[in-house]
Protein chains: 2
Amino acid sequence: MNSASTFKYGHFDDATREYVITRPDTPLPWLNYLGQDEFFGLCTNTAGGYSFWKDAKLRRLTRYRYNNVPYDLGGRYFYVNDGGEVWNPGWKPVKAKGVKYECRHGLGYTRIVGERDGLEVETLFFVPPGENLEVWKVTVRNKSAQRKTPKLFSYQEFCFFEALNDMTNYQRTYSIGEVEVEGSAIYHKTEFRERRNHYTLFACTRPIAGFDTSRDAFVGIHEGLHEAKVPFAGQATNSVAFGWNPIGSHQIDLDLAPGAEESFAFVLAYVEQGDAPKFDAPFVMNKSVGRAIVEKYSAPGAVDAALASLKAYWDALLGNFQVDCPNEHAQRMANTWNQYQCMATFNMSRSASMYETGIGRGMGFRDSNQDLLGFVHMIPSRARERILDIAATQLSDGTCYHQYQPLTKKGNADIGGDFYDDHLWLVLSTCAYIKESGDTSILQAPCAYADKAYENVITDTLLDHLETSIAYTMKKRGPNGLPLIGHADWNDCLNLNCFSTEPNESFQTAGDVRDSKAESVMIAGLFLYAAREMAGLYEHLDRNSDAARMRGHYAEMLDTVERVTWDGAWYTRAYAADGSVVGSHTNTEGKIFIESQGWCVLGGAGANNGRARQAMESVHRHLYTKNGVVLQQPAYSTYDKALGEVTSYPPGVKENAGIFSHNNTWIHLAWCQLGEGDRALEYYLSICPSAKQDQIDTYRGEPYVYAQMIAGKDAPCFGEAKNNWLTGTAAWTFVVVSQGLLGIKPDYAGLRIDPCIPKDWPGFKVTRRFRGDTFEITVSNPQHVSKGIKAVRVDGKDIDPTQAIRPAGDGRTHQVEVVLGE
Amino acid sequence: MNSASTFKYGHFDDATREYVITRPDTPLPWLNYLGQDEFFGLCTNTAGGYSFWKDAKLRRLTRYRYNNVPYDLGGRYFYVNDGGEVWNPGWKPVKAKGVKYECRHGLGYTRIVGERDGLEVETLFFVPPGENLEVWKVTVRNKSAQRKTPKLFSYQEFCFFEALNDMTNYQRTYSIGEVEVEGSAIYHKTEFRERRNHYTLFACTRPIAGFDTSRDAFVGIHEGLHEAKVPFAGQATNSVAFGWNPIGSHQIDLDLAPGAEESFAFVLAYVEQGDAPKFDAPFVMNKSVGRAIVEKYSAPGAVDAALASLKAYWDALLGNFQVDCPNEHAQRMANTWNQYQCMATFNMSRSASMYETGIGRGMGFRDSNQDLLGFVHMIPSRARERILDIAATQLSDGTCYHQYQPLTKKGNADIGGDFYDDHLWLVLSTCAYIKESGDTSILQAPCAYADKAYENVITDTLLDHLETSIAYTMKKRGPNGLPLIGHADWNDCLNLNCFSTEPNESFQTAGDVRDSKAESVMIAGLFLYAAREMAGLYEHLDRNSDAARMRGHYAEMLDTVERVTWDGAWYTRAYAADGSVVGSHTNTEGKIFIESQGWCVLGGAGANNGRARQAMESVHRHLYTKNGVVLQQPAYSTYDKALGEVTSYPPGVKENAGIFSHNNTWIHLAWCQLGEGDRALEYYLSICPSAKQDQIDTYRGEPYVYAQMIAGKDAPCFGEAKNNWLTGTAAWTFVVVSQGLLGIKPDYAGLRIDPCIPKDWPGFKVTRRFRGDTFEITVSNPQHVSKGIKAVRVDGKDIDPTQAIRPAGDGRTHQVEVVLGE
């Protein structure tokens with residue numbers, strides 16, 4: 001392995017697991033997340049972003065204006081006034097000339113260091129594990145030869161918790177803002193007088209020289225953040241906000257001899273009052289809970305201990321899977337960034353990123369089930385809890401709420417259900433959980449249907465939900481015997497029952513799906529996969545008649561798929577409400593789609609008749625590009641109300657022939673299934689952000705996380721990434737690399753090893769923690785094959801290579817040697 | 001009358017009907033509206049704001065970020081690059097030093113002139129009457145002694161029409177932006193490919209030297225508007241937006257000899273394609289409709305003619321009512337600004353201002369009925385149409401949708417109905433319309449109920465709606481015989497059926513009003529007023545038995561009010577769900593409320609038993625301040641879920657003892673009813689913005705329009721105005737001044753004259769157009785009384801002073817001489 005190269009805007013530091021950004025003017029703001037449990041923050045490379053507790057819509061703590069000008073403005077700001085010159089360590093908002101800058105996005109923290117005129121200010125933002133707060137550690141160093149007396153001003157703006165209301169209802173919100181200040185602590189207590197039993201605390205761990213809580217006082221009325229009045233004046237006004245816009249700002253006056261430095265910290269906390277009395281006196285809140293937090297982090301060493309605990313947390317998590325292999329991109333992503341991104345998608349679903357505003361969507365049924373696939377090996381217990389939460393938003397008839405709000409765990413009635421793939425993903429997540437953990441007890445866990453949640457005694461189990469899901473697809477089939485599509489399948493934009501002509505209505509919810517005949521080939525493929533999973537699960541449970549029943553469903557659907565959907569060189573995509581085919585050579589546009597090729601092949605179609613390979617070769621011929629596989633071809637040039645949103649996008653973006661990374665992974669896995677390791681890696685690298693650094697001004701997105709979408713060849717901006725971070729791509733690429741390429745596959749019985757690698761790889765090593773044991777796996781490839789196991793040796797003993805490696809359960813490290821070959 | 005004084009930020013120019021702002025850094029952004037028919041723009045004194053067609057939520061044309069930092073950023077910007085120095089005539093966004101600035105907010109237009117280094121740039125923004133477009137006229141003058149070759153760059157950002165989606169759904173919106181450029185015209189055509197049949201045109205009437213349509217190209221990624229790349233570089237990039245954020249910018253290169261000037265214009269238009277084919281060729285839109293617009297405004301003189309037409313439009317409208325009286329504030333407001341504000345509230349309801357984001361609320365049932373009271377004398381035909389639109393959102397059981405969307409005219413299901421005052425306001429608006437116009441035919445106009453709108457034949461009439469409204473209140477009464485309150489009455493925040501403890505739910509919609517016993521005294525008073533109006537209407541129609549029936553309802557309710565609600569020195573406010581009283585001396589907080597005093601007295605309660613005067617004196621003692629009458633006293637210090645949102649506000653703001661200007665007007669009218677002209681004027685001036693100029697740094701709001709709320713004496717910011725422009729105060733203050741103080745009262749039979757003025761007024765003159773005739777009314781007050789008519793003379797002939805002046809219907813001007821006295 002070579003060490004990482006330096007590119008235009010930065011480079012990976014693999015040793016520290018950081019991405020190092022060396023200039024602030026990145027092609028777009030480059031984001032990191034703080035937090036791993038229930039308190040989260042978004043933090044860009046110029047310290048932009050915001051924080052929330054659990055739910056980005058209902059418990060937003062600080063404000064952020066999306067798509068502002070500039071895009072990224074507002075966040076965790078420090079203004080330095082050094083002898084009258086004002087600048088920020090993170091460059092923004094003042095963007096003073098001559099600031100030496102470095103940003104390191106690490107795992108759960110961001111460190112930004114600025115230096116100007118011999119004064120260095122290091123800022124570090126993180127959420128300690130298990131805490132509902134952020135720590136902002138600041139270290140100021142006088143690297144000059146003169147004494148310096150800089151003043152430092154913290155700044156962030158409070159949000160009034162309900163983020164949509166906060167940005168739309170000013171006739172109320174401009175009149176309700178309230179704060180209290182005690183010592184170095186600012187308490188944002190808007191609505192605490194009434195129905196809230198929580199508040200936001202923003203405190204400094206050292207004495208302050210002043211404070212501000214009124215934005216008008218600190219920034220001004222006509223001033224921008226880049227010219228905020230107080231830091232340029234060099235003096236806080238001790239303003240106490242009443243209405244309008246409360247902010248938090250502390251003034252710190254420092255006196256540093258040459259070479260001296262000082263460290264201190266700020267705490268931004270979500271505080272629930274619990275049973276404590278709300279008020280000490282009229283209008284004076286009881287601050288005991290908040291005070292204890294300030295005390296805790298004011299203790300010497302507390303902040304550094306919290307940071308050490310965060311680092312230990314991530315070391316332990318990532319230790320569950322580490323690889324040493326010949327491809328630096330695959331290795332770096334799998335070892336660090338992909339797993340890290342999987343934590344983000346697990347926690348955020350599609351709610352809060354630079355593209356998702358935190359108020360549009362909660363947790364997705366389909367999304368969260370898939371996100372689990374890349375997360376379950378890290379913390380199986382959280383995956384278990386999530387599976388049961390998700391399942392509880394399924395209705396007893398088999399349909400599912402498409403989204404639910406993380407704070408309330410209630411289904412979102414606005415969007416409702418009737419996306420006829422949703423329920424099947426629950427089978428995949430549940431089986432993945434059991435394969436990882438061995439815990440079949442989850443199947444008997446009580447789990448109510450959403451429409452029966454009011455019942456006192458829950459008699460339904462998770463297994464009932466899985467059976468309901470399989471039965472639902474078998475029941476909801478159309479004239480060709482294929483599953484009905486409902487509002488849409490995985491491709492949210494293929495809306496075959498929508499027929500929308502009204503510009504302000506949602507493509508997803510506008511149509512009436514009752515009595516619809518539109519069918520999805522992709523759901524058929526997904527069903528094949530799910531039914532086979534269920535059969536395997538029942539076999540594992542020694543319930544052979546149930547397994548046979550599932551195999552029967554499988555056979556019936558497979559027969560339908562092969563009989564109906566083969567178009568000559570690929571599988572069709574769908575059948576519209578009028579029965580016409582979608583994704584066929586007989587169409588003039590949208591002749592071939594990616595999703596049905598992926599899922600039919602992964603579901604086992606075409607395995608015995610050559611069609612699987614033929615379908616994949618068609619993908620290669622018609623859809624593959626150096627920036628990934630486009631969703632379909634040819635792109636739609638005009639809107640077709642019978643097809644819905646997919647035809648609404650300009651050609652080359654999003655579902656209209658954009659490169660939708662998520663579905664690319666199914667093709668990667670299909671190539672692995674076909675034994676084509678070289679192609680699988682080539683395809684993987686085509687969407688791998690780490691491999692995009694040399695074309696970064698085209699790609700624009702973060703080089704350390706996968707993007708939802710890359711503009712396709714029909715777009716003028718071919719290769720430009722959008723919607724980085726929150727995408728199902730994260731979970732699936734981890735499956736691709738860990739299970740597809742490297743072939744480390746959890747199974748009910750144990751760990752299976754079945755790599756599919758480029759032929760020129762001499763081998764690789766993986767450390768995998770699995771059900772408490774640690775496996776140090778060395779794979780060698782003396783014959784330079786892609787696939788095929790010649791020998792497996794565990795702790796020096798040969799075992800049958802077709803069998804899974806059963807964990808000893810001794811919590812120890814075991815050596816596994818695998819030899820590939822024929 | 002003295003001419004207007006000059007105050008800190010500006011002054012009235014009464015002759016030109018303009019407010020002249022002489023420095024840009026006003027205490028808050030000071031707003032004006034463009035547009036009078038269906039196309040509207042918001043325009044601040046630094047050219048901030050946005051534009052929409054008909055509906056600020058569903059057809060927003062340009063973007064605006066509310067509550068940004070600074071508050072007001074983004075709008076109709078011009079960047080001047082004069083030899084490398086960049087500045088804006090409206091100061092923002094560059095805020096260059098040394099720009100000489102003047103802004104004139106006029107009727108339907110805003111003119112901003114900036115001058116720097118001998119170059120003057122005058123910008124003028126307006127919407128020509130009857131057009132769906134804005135004109136931006138620019139005049140550049142070289143006042144220096146040197147030749148100048150300035151470059152001018154226009155700038156605004158396009159909105160994707162659905163304003164909420166535009167600010168929340170970036171995973172879609174960042175991928176759909178599309179434009180075309182042809183000559184000097186920029187066509188914003190996002191979603192035109194699919195379901196939209198309209199687009200936004202932004203064109204210059206002269207040749208351009210370049211253009212930009214990509215925000216990233218024009219502004220940059222990390223740049224703010226104050227440092228946009230293109231104007232500082234001095235060269236457009238001719239960027240064509242694909243996705244992200246389309247903007248419109250034209251580059252104009254000028255060459256001006258000393259003393260030379262050049263004028264040209266821009267057109268920002270909402271264009272519906274109609275039946276024209278959408279495309280000339282694949283991806284090339286048919287621009288014929290847009291081209292015709294550009295041609296029209298490129299013709300010599302077209303822009304000036306449009307402006308002249310706007311001025312003539314307002315001259316004609318305001319000519320319906322003009323007064324010459326001893327109080328400059330009352331006169332200026334009544335003659336110009338109050339009527340102008342009434343047009344805004346008629347058009348906007350509470351949808352789009354600096355406080356209302358255009359996406360929260362559409363047209364309010366209660367609001368729009370009241371807004372008509374100040375608008376009906378200007379354009380009775382539009383009032384007629386509005387009344388029928390509003391009535392059609394009433395359900396056949398008598399309840400009303402509380403709000404409806406102006407584009408669709410459909411009731412808003414999110415908020416629903418069950419505000420048990422809504423229906424009664426329809427009686428007031430209808431009667432006001434008939435009194436103004438004499439048009440009783442509206443009563444028989446077909447008008448479906450919202451729940452019967454699907455029926456082919458509409459058999460219900462507007463009169464049926466009025467009867468349903470009266471019957472509904474008679475039916476929906478509680479244990480005391482008083483009207484039930486539902487979710488709330490006029491005071492949206494008095495929520496007696498809400499009992500909310502969940503912070504994220506709406507106080508207005510959370511509660512269940514079925515089986516509720518909570519009653520409103522304010523609705524009882526309003527009912528008295530409405531029932532008396534209905535009786536008068538039936539008398540006018542010679543339907544005496546119906547009139548008697550209404551008088552019976554009146555008597556029954558009056559008896560209840562007097563029997564139940566008199567608290568000893570004032571009327572109580574309400575009876576809570578548990579039967580306890582609200583607004584009584586027996587309460588510890590909220591002992592006396594303003595609304596029930598106003599409406600009981602206006603409805604005729606206390607007229608014969610001294611209670612009316614006693615109630616008003618209690619208002620004076622407990623609620624009156626120099627900044628207006630506070631809503632109740634003492635302010636609530638803690639949240640009471642049995643009272644709802646009113647107790648949620650910090651003391652002194654909004655409904656919790658703030659000065660809610662709207663309800664102040666009912667007190668003004670009550671004083672007039674009691675003959676107290678001095679007190680009526682004193683109270684009126686306490687909330688009159690024109691009278692706030694000498695305390696403007698406290699007041700902060702626009703001195704030319706009424707504010708919804710002024711902070712009360714319990715607030716630290718006593719006297720600070722909020723929510724200027726869109727408030728029912730506008731309509732009601734016009735009623736106060738024109739009908740209450742000046743006593744020019746339309747009635748079914750004709751015009752009644754019944755002033756109530758300060759005793760020291762020697763008289764006043766009013767010109768009133770009424771049903772086609774013009775009355776020049778001269779009132780003299782030789783005995784220095786407040787009230788009482790001694791003689792009325794019309795065209796030289798004495799008439800019975802107790803009778804209305806019947807219009808001759810000859811379209812001529814008639815002289816009316818009125819002598820006050822005993």
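This structure is a prediction, so every number in the text was calculated from the model and none was measured.

One pair of aromatic rings is described through two measures. These are the centre distance and the angle between the planes. Going through the model one piece at a time under the given rule, you end up with 108 aromatic pairs over all chains. Summarising the aromatic geometry, the rings of Tyr64(A) and Tyr66(A) are spaced 5.4 Å apart at their centres and angled 90 degrees between planes, so their arrangement reads as edge-to-face. On the basis of relative accessible area, Tyr64(A) is assigned to the buried category, the value being 9%. Here the aromatic rings of Trp671(B) and Tyr683(B) are separated by 5.9 Å at their centres, their planes lie at 75 degrees, and the arrangement is edge-to-face. Of this pair, Trp671(B) sits in helix H16 (residues 661-673) while Tyr683(B) sits in helix H17 (residues 677-686); the two residues are 12 residues apart in sequence, bridging distant segments of the chain.

Within the UniProt annotation, "domain: Glycosyl hydrolase 94 catalytic" (unreviewed entry) is assigned to residues 313-743 of chain A. Each end of residues 313-743 of chain A is marked by a C-alpha atom, and these two atoms are 26 Å apart; helix forms 41% of the span and strand 7%.

Our focus in this paragraph is the sheet that holds strand S34 (residues 721-724) of chain B. Residues and elements named next belong to chain B. Sheet architecture is open: 3 strands sit in the order S32-S33-S34, paired in antiparallel fashion. This sheet does not close on itself; its edge strands, each paired only once, are strand S32 (659-660) and S34. Sheet analysis places S32 next to strand S33 (residues 707-710), joined by 2 bridges and oriented antiparallel. Its bridge partner lying in S33, isoleucine 659 is registered against isoleucine 710.

The next subject is the interface of chain A and chain B. Taken together, the contacts link 84 residues of chain A with 86 residues of chain B. Here chain A and chain B share an interface that buries about 7,300 Å² over both sides, 55% of which is from carbon and sulfur atoms. A salt bridge links Arg172(B) to Glu645(A); its shortest N-O distance comes to 2.8 Å. Of all elements in the fold, only helix H2 (170-173), helix H3 (215-218), strand S33 (707-710) and strand S34 (721-724) of chain A reach the threshold of two or more residues within the side of chain A that touches chain B.

Turning our eyes to something else, we now look at the side chain of Glu122(A). Residue and element names in this part refer to chain A. Relative to the assigned elements, glutamate 122 resides in strand S11 (residues 119-126). Polar contacts involving the side chain of glutamate 122 include one to the side chain of arginine 141, which spans 3.0 Å. Not counting residues up to four positions away in its chain, the partners in contact with glutamate 122 are Arg111, Ile112, Val113, Lys137, Val138, Thr139 and Arg141.

The next thing to look at is empty space enclosed by the protein. For the coordinates displayed, the defined rule picks out 14 cavities of 30 Å³ or more. Here the largest cavity defines a volume of roughly 470 Å³. In this structure, the largest cavity is lined by 27 residues; those nearest its centre are Arg65(A), Met167(A), Arg65(B), Tyr66(B) and Met167(B). Elements that contribute at least two residues to the lining of the largest cavity include exactly helix H1 (163-166) of chain A together with helix H1 (163-166) of chain B. Considered class by class, the residues forming the lining of the largest cavity number 14 nonpolar, 5 polar and 8 charged.

Residues and elements named next belong to chain A. Residues Leu201, Trp314 and Ile777 are the most contacted members of the largest nonpolar core, which totals 266 residues. Ranked by the residues each element gives to this core, the list is headed by helix H12 (residues 521-540), at 13 residues. Leave out the neighbours within four places in its chain, and leucine 201 touches Ala185, Ile186, Tyr187, Val267, Leu268, Ala269, Val271, Gly290, Ile293 and Val294.

With that settled, consider the relation of the copies chain A and chain B. Screw-axis analysis of chain A against chain B gives a translation of 0.0 Å along the axis, an RMSD of 0.0 Å, and a rotation angle of 180 degrees. Here the symmetry operator amounts to a two-fold rotation axis.

Before going further, it helps to examine the sheet that holds strand S32 (residues 659-660) of chain A. Residue and element names in this part refer to chain A. Read from one edge of the open sheet, 3 strands run S32-S33-S34, paired in antiparallel fashion. Strands at the two margins of the open sheet, each flanked by one partner only, are S32 and S34. Direction of pairing for S33 relative to S34: antiparallel, over a ladder of 3 bridges. Across the sheet, methionine 709 pairs through a bridge with lysine 722, a residue of S34.

Basis of the calculations
- Residues numbered from 1 in each chain as written.
- Chains lettered and ligands numbered in written order.
- Predicted model: local features only at pLDDT ≥ 70, side-chain atom pairs only at ≥ 80, totals over all residues.
- Heavy atoms only, no water.
- Phe/Tyr/Trp six-rings, centres within 6.5 Å; stacked < 30°, edge-to-face > 60°.
- Buried < 20%, exposed > 50% of the residue type's maximum accessible area, 1.4 Å probe, protein only.
- Helix = DSSP H or I, 4+ residues; strand = E, 2+ residues; numbered from the N terminus.
- UniProt positions renumbered as here; feature names shortened; annotations may be inferred.
- Pairing = 2+ DSSP bridges.
- Contact = heavy atoms within 4.5 Å.
- Buried area = accessible area lost by both parts, 1.4 Å probe.
- Salt bridge = Lys/Arg side-chain N within 4 Å of Asp/Glu carboxyl O.
- Polar contact = N/O pair within 3.5 Å; in protein donor to acceptor, adjacent residues only side chain to side chain.
- 1 Å grid on protein atoms, 1.4 Å probe; cavity = no way out; pocket = protein on both sides within 12 Å on 5 of 7 lines; lining within 4 Å.
- Points joined across faces, edges and corners; volume = space filled by probe spheres on them.
- Nonpolar A, V, L, I, M, F, W, Y, C, P; charged D, E, K, R; others polar.
- Core = buried A, V, L, I, M, F, W, Y, C linked by side-chain atoms within 4.5 Å.
- Least-squares fit on C-alpha atoms with pLDDT ≥ 70 in both.

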